[in-house]
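Chains, contacts and geometry: an overview
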Amino acid sequence: MSAEQNSVVAPETKQTARRALPPLMTVSDAAAERLRTLYASAHAGQLLRISVTTKGCSGKAYDMTFVPEEGESGDERILDKGVTVLVDRKATLFLIGSEMDYHSGEMESGFVFANPNEKGRCGCGQSFHV
């Protein structure tokens, strides 16, 4: 047998282009503006950290705290509309595709989440389940 007949030719491997992953979550214009105000004043040098805790009558609740800018090891950094938000790595599966908004009304104001993963909320609206 000749060397040509004995050699094995590796099949050509195709490199498929990988599409970019969608962002973990987005921040609305109103939420970005409110965060800019908070980051420039009372929470200078800190970032908002979002996590999901077990509580409430539906089982899960959003937990938001201000932490030093470096955050905790493993936190996901979300940069949207010029503001940075940290997300607890354990909360990422619950927040994929969510949008954080800021609503201000006569009786209350605060950050709210439009989360496509939610399957329902409790009657008071403080907790959710997936």
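Cut-offs used in this document
Residues numbered from 1 in each chain as written. Predicted model: local features only at pLDDT ≥ 70, side-chain atom pairs only at ≥ 80, totals over all residues. Heavy atoms only, no water. Helix = DSSP H or I, 4+ residues; strand = E, 2+ residues; numbered from the N terminus. Polar contact = N/O pair within 3.5 Å; in protein donor to acceptor, adjacent residues only side chain to side chain. Contact = heavy atoms within 4.5 Å. Pairing = 2+ DSSP bridges. Axes fitted to C-alpha atoms, helices over the stretch in contact; angles between N-to-C directions. pLDDT = per-residue confidence, 0-100. Phe/Tyr/Trp six-rings, centres within 6.5 Å; stacked < 30°, edge-to-face > 60°. Buried < 20%, exposed > 50% of the residue type's maximum accessible area, 1.4 Å probe, protein only. Salt bridge = Lys/Arg side-chain N within 4 Å of Asp/Glu carboxyl O.

**Quick word on the side chain of Ser98**
Relative to the assigned elements, Ser98 resides in strand β6 (residues 98–104). For Ser98, the side chain forms a polar contact with the side chain of Asn115, separated by 3.3 Å. Those residues within four positions of Ser98 in sequence are excluded, and the remaining contacts are Leu24, Met25, Thr26, Ala114, Asn115 and Pro116.

**Some details on the sheet that holds strand β7 (residues 109–114)**
Strand order in the open sheet made by the 3 strands is β1-β6-β7, with mixed pairing throughout. Strand pairing shows two members of the sheet lacking a second neighbour, β1 (25–27) and β7, which therefore form its edges. Neighbour to neighbour, the strand axes of the sheet diverge by 25° on average, direction disregarded. The sheet contact formed by β1 and β6 spans 3 bridges and is parallel. Directly across from Val27, in β6, lies its bridge partner Met100. The strands touched by helix α2 (residues 29–40) are β1, β6 and β7; relative to β6, the strand with the most contacts, the crossing angle is about 70°.

**Topic: the confidence of the model for the protein chain**
This prediction gives the protein chain a mean pLDDT of 81; 75% of its residues lie at or above 70. Mean pLDDT across the elements of the protein chain bottoms out in strand β9 (residues 128–129) (54) and peaks in α2 (96).

**A short note on the packing of aromatic side chains**
Applying the stated criterion to the full structure yields 3 aromatic pairs. Relative to Phe113, the ring of Tyr62 lies with its centre 4.2 Å away and its plane at 20°, an arrangement referred to as stacked. With Tyr62 in strand β3 (residues 60–68) and Phe113 in strand β7, this pair connects stretches of sequence that are 51 residues apart. Judged by its relative accessible area of 11%, Phe113 falls in the buried class.

**Things to note about the pattern of salt bridges**
Scanning the model with the defined rule gives 5 salt bridges in all. The partner of Arg49 in a salt bridge is Asp88, with the nearest N and O atoms 3.5 Å apart. Pair noted here: Arg49 is in strand β2 (residues 46–54) and Asp88 is in the loop between β5 (83–87) and α3 (92–95), with a separation of 39 residues, a long-range link. We note that Arg49, like Asp88, is buried. Of the charged contacts in the structure, one is a salt bridge between Lys81 and Asp80, with a shortest N-O distance of 3.6 Å. Overlapping salt bridges, with partners in common, bring together Arg49, Asp75 and Asp88 in one network.

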